[in-house]
Amino acid sequence: MKALFQTILGLLIDDWWMGIGIIMSILITAGLIRMELSDAITGWLLTLFLILTLFLSLSVEYRKKKQTS
């Protein structure tokens, strides 16, 4: 379990776009739940936000690799 948390923490520190995106996704969906939006809708929105975060993170990393080569 300790290795899992170290891996997740390492990914979030190394790729801060992903870390910020995940935190913002969670905060936005938590706010939507507090505004009494449906749990199913907020679950889908969280999934969508996380996919967009992953896409943003991968595109930033791709641009970095492309510039260095």
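Look up: the structure comes first, before these words.
Structure report, in brief. (Residues numbered from 1 in each chain as written. Predicted model: local features only at pLDDT ≥ 70, side-chain atom pairs only at ≥ 80, totals over all residues. Heavy atoms only, no water.)

With that out of the way, let us pick up the pattern of salt bridges. Tallied over the entire structure, the rule returns 1 salt bridge. Measuring nitrogen to oxygen at the nearest pair gives 3.6 Å for the salt bridge that ties Glu61 to Lys64. With a gap of 3 residues between them, Glu61 and Lys64 both fall in helix α3 (residues 39-68), about one helical turn apart. (Salt bridge = Lys/Arg side-chain N within 4 Å of Asp/Glu carboxyl O. Helix = DSSP H or I, 4+ residues; strand = E, 2+ residues; numbered from the N terminus.)

At a minimum axis distance of 9 Å, the contact between helix α2 (residues 16-34) and α3 shows a crossing angle of 165 degrees. In terms of orientation, α2 lies roughly antiparallel with respect to α3. Of the two possible hands of crossing, α2 and α3 adopt the one that is right-handed. In this structure, α2 uses Trp17, Met18, Gly21, Ile22, Ser25, Ile26, Ile28, Thr29, Leu32 and Ile33 to contact α3, whose residues at the interface are Asp39, Thr42, Leu45, Leu46, Phe49, Leu50, Thr53, Leu54, Leu56, Ser57 and Val60. (Axes fitted to C-alpha atoms, helices over the stretch in contact; angles between N-to-C directions. Parallel < 35°, antiparallel > 145°, perpendicular 65-115°, else oblique. Left-handed = near helix turned anticlockwise from the far one by under 90°. Contact = heavy atoms within 4.5 Å.)

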